[in-house]
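Coordinate inspection notes
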Amino acid sequence: MEENKVLENVSEEVAETTAPAEDLRGENLNDRVRVLSPGMMVAKRFFRSKLSMLGLVMLIALFLFSFLGPIFSPWADGGTPIKDETPGAPILSIKSFAYIDNEGNEIIAYEMNETIPSNNQFAELSSEHLLGTDNNGYDLFTNLMLGGRISLTIGFVVIIIETVIGVILGGLAGYFGGWVDNLVMRIVDIISCIPTLPIMLILSTTFTSLKIVDIRRLYYLMGVLTLIGWGGIARLVRGQILSLREQDFMLAAKCSGLSTSRKIFRHLLPNVMPQLIVSMTMGLGSIILMEATLGFLDLGAPLGTPTWGAMINAAANMTYLSGYPNFWIPPGICITLAILAFNFVGDGLRDAFDPKMKR
Amino acid sequence: MVKYVIKRLLLSIFILLGVSIILYALVRIMPVDFLRDKAVAIVGSSGADPDELYERLCEAYGLTDKTFVGLCKGYWGWLTNFVQGDFGDSWKYNQPVSEAIFKNMPISFGISFVSLILQLLIAIPLGIKCACNQYGKLDYFATVLTMIGISFPTFFLGSLLIKFFAIDLGWFEIGGLISSLPKDTSIFTKIVNVAWHLVLPMFLLTVLSIGAWLRYTRTNTLEVLNADYIRTARAKGLSENSVIYKHVFRNTLIPLVTLLAGTLPSLFSGAMITETIFDIPGIGNMAYQAMLVGDIPFIMTYNMFIAVLTVIGILLTDIMYAVVDPRVKLGE
């Protein structure tokens, strides 16, 4: 199948570049024809699509923003944010007293209290604090950049572990069939019927009552997400391997007496790679979404830790929702952009890997 | 076919058993003690020892034994009750779980159902239009829109809607289903008021799920457009309208029916995040509240309910697949 694809593509290229046939005479064919490997074909198709390029650019921008950005920020020391400890804007609190004086007039008196907070909290947007400061005097723009570090990397960790588990178990199930296949697939059936968000909620409350409320809670939850998330990948790998192992090149591999592990890792897995890469890219977006959802429901990292999910938690609070849009709109935009970018790239990769796509 | 369905049903029972074991284990190791809080609340200021009452409550609910054997016994007890249709009493809502769920399900179902109809009404014509002008302006626009719809987190779009349309502009009411109206309000005003509350949540649900339908319709239509019978239809001189609206449209619907059968069960489970944001008393929101306090009977029933719906959804999809396409033979 793979070989056919190459031949087809090469002949297509030949047809493209050798249109005036008479010019060919007396020249070396290799000068006129560019031979493209399948990988190059995929890359060519990928880079030709505008949306996938847009996604790639967005991803690079987000990564630069969160990994290089904090270096230039005065409010971050390496990976930790720094509090702005200059006294902030005075907070006015007004109390009203209504009373009726001796002559029966209603009088309302006001008591005004001015307190000056020790940290520069709830600062307005300024050149010093591009997005203002949060309720503890941390710079929101710096937090946003630092938040990307955790939110973007956590997805990679989860998806890589999920893929490793999925490939191993799905590969075993597809290759050996029989009771191995039955066992693995029944486990996959069960874990794919478990409602993810409710499970996350239950576990998160469990961790909270075990007094695990800092960033570790998020890490544990992501661990659980990995444990129940590999089913899709296992199913995909198994399906592919089931159809691949019946093909002639596998018979050839068997005849040449290759070892089982070599047959699986050298001959079967590379053929599954395209689908695997696409589903990994798409999966990255959904993990970022899950982290953000947990954060919004106040079940992931706590408010104040720099992750996008924790920052968007502010939107669950009516005061912040209406009064401080600078708390939650920027992380929301970042999350949306990241998911959008992963989807664009994944979509582009799927089209690029598809040999039937001619555009 | 009948044999296949029976086989699948047996398998489903096995799957549900597996899910229930995992769920029960998780819920039981959950150290959130609703009962302790309840005991403290009941004892209140009377000065009695809440621990004593707590022990009694635990015993009443069969939760004293935290060893493995105890867990197994508890699971068996729960399972026998569950199979007999006795879901227990919700601790948080102080009523039988089945009652609490079925009383609030119509709200969740109504919202999801109207939103699904809206999605189909917009997505199918638009999807066909896009496919007919592939790589056209509308197609590009719809693709980007779809992607945005798929990528936008529910809570973020929901928060934006609340912030701009409900708080800043004040166009819509939010929070619950109905505002506090005077007693003598006519039914018509009440209905309008409820509808006004539901505009934003329905908009949110529709926008976020329309992408998947749009995409599916588009891909299908493209496939149908390349089919031989469409070429035949064109060759015999039918007008383009007749080709699209009679031949293409009907054949596009076939796979959509399959997908629709798969989504039907999920209409009943409630949209947890949307309901929570807009504070709509649907079952999604109820389950969220119950999970935060550790209301074991409600959590177990709700999650099993979702698992059952998922299993039914998958089964329905497979069966519909064979029903609409006679070439598919099930069970081979």
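Thresholds, definitions, all that
- Residues numbered from 1 in each chain as written.
- Chains lettered and ligands numbered in written order.
- Predicted model: local features only at pLDDT ≥ 70, side-chain atom pairs only at ≥ 80, totals over all residues.
- Heavy atoms only, no water.
- Axes fitted to C-alpha atoms, helices over the stretch in contact; angles between N-to-C directions.
- Helix = DSSP H or I, 4+ residues; strand = E, 2+ residues; numbered from the N terminus.
- Left-handed = near helix turned anticlockwise from the far one by under 90°.
- Contact = heavy atoms within 4.5 Å.
- Nonpolar A, V, L, I, M, F, W, Y, C, P; charged D, E, K, R; others polar.
- Core = buried A, V, L, I, M, F, W, Y, C linked by side-chain atoms within 4.5 Å.
- Buried < 20%, exposed > 50% of the residue type's maximum accessible area, 1.4 Å probe, protein only.
- Salt bridge = Lys/Arg side-chain N within 4 Å of Asp/Glu carboxyl O.

Turning our eyes to something else, we now look at the packing of helix α5 (residues 140–176) of chain A against helix α14 (residues 325–353) of chain A. Residue and element names in this part refer to chain A. Viewed as axis vectors pointing N to C, α5 and α14 meet at an angle of 35 degrees, and their least axial separation amounts to 11 Å. As α5 packs across α14, the resulting crossing turns out to be right-handed. Note on element contacts: α14 touches α5 through Asn326, Phe327, Pro330, Pro331, Cys334, Ala338 and Phe342, opposite Leu140, Leu144, Leu152 and Phe156. The class makeup of the residues in the contact of α5 with α14 is 10 nonpolar, 1 polar and no charged.

This next bit is on the nonpolar core. Counting residues in hydrophobic clusters, the biggest one holds 127 residues, and the most contacted among them are Met222, Trp308 and Trp328 of chain A together with Val19 and Phe298 of chain B. In contact with Trp328 of chain A, other than residues within four places in its own chain, are Met311, Ile312, Ala314, Ala315, Tyr320 and Leu321 of chain A together with Phe156, Ser159, Leu160 and Lys163 of chain B. Ala123, Val224, Leu225 and Leu256 of chain B belong to the second largest nonpolar core, which has 19 residues in total.

Turning our attention to the pattern of salt bridges. Residues and elements named next belong to chain A. Overall, the coordinates contain 10 salt bridges over all chains when judged by the stated rule. Arg238 is paired through a salt bridge with Asp181; the nearest N and O atoms lie 2.6 Å apart. Of the two residues, Arg238 sits in helix α9 (residues 231–244) while Asp181 sits in helix α6 (residues 178–193), which places them 57 residues apart along the sequence. The exposure class assigned to Asp181 is buried, which follows from its relative accessible area of 12%.

Counting residues at the interface gives 44 residues for chain A and 46 residues for chain B. Counting across the interface, chain A meets chain B through 1 salt bridge. Within the residue set of the side of chain A that touches chain B, elements represented by two or more residues are α4 (50–67), α6, α7 (196–209), α11 (260–296), α13 (318–323) and α14 of chain A. The greatest single-element share of the side of chain A that touches chain B, amounting to 13 residues, is contributed by α14 of chain A.

Below, the discussion takes up the environment of Ile233 of chain A. Residue and element names in this part refer to chain A. With respect to the helices, strands and loops of the structure, Ile233 is situated in helix α9. Through-space distance from the C-alpha of Ile233 to that of Thr163 is 6.4 Å; in sequence the pair is 70 residues apart. If sequence neighbours within four positions are ignored, Ile233 has contacts with Glu162, Thr163, Gly166, Val167, Leu276 and Ser279.

What follows deals with the packing of α9 of chain A against α11 of chain A. Residue and element names in this part refer to chain A. Across the interface, α9 lies against α11 with an axial gap of 10 Å and an inter-helix angle of 145 degrees. Both α9 and α11 take part in a crossing whose hand is right-handed. On α11, the residues that touch Ile233, Leu236, Val237, Gln240, Ile241 and Leu244 of α9 are Leu268, Asn271, Val272, Gln275, Leu276 and Ser279. Of the residues assigned to the contact of α9 with α11, the class counts are 8 nonpolar, 4 polar and no charged.

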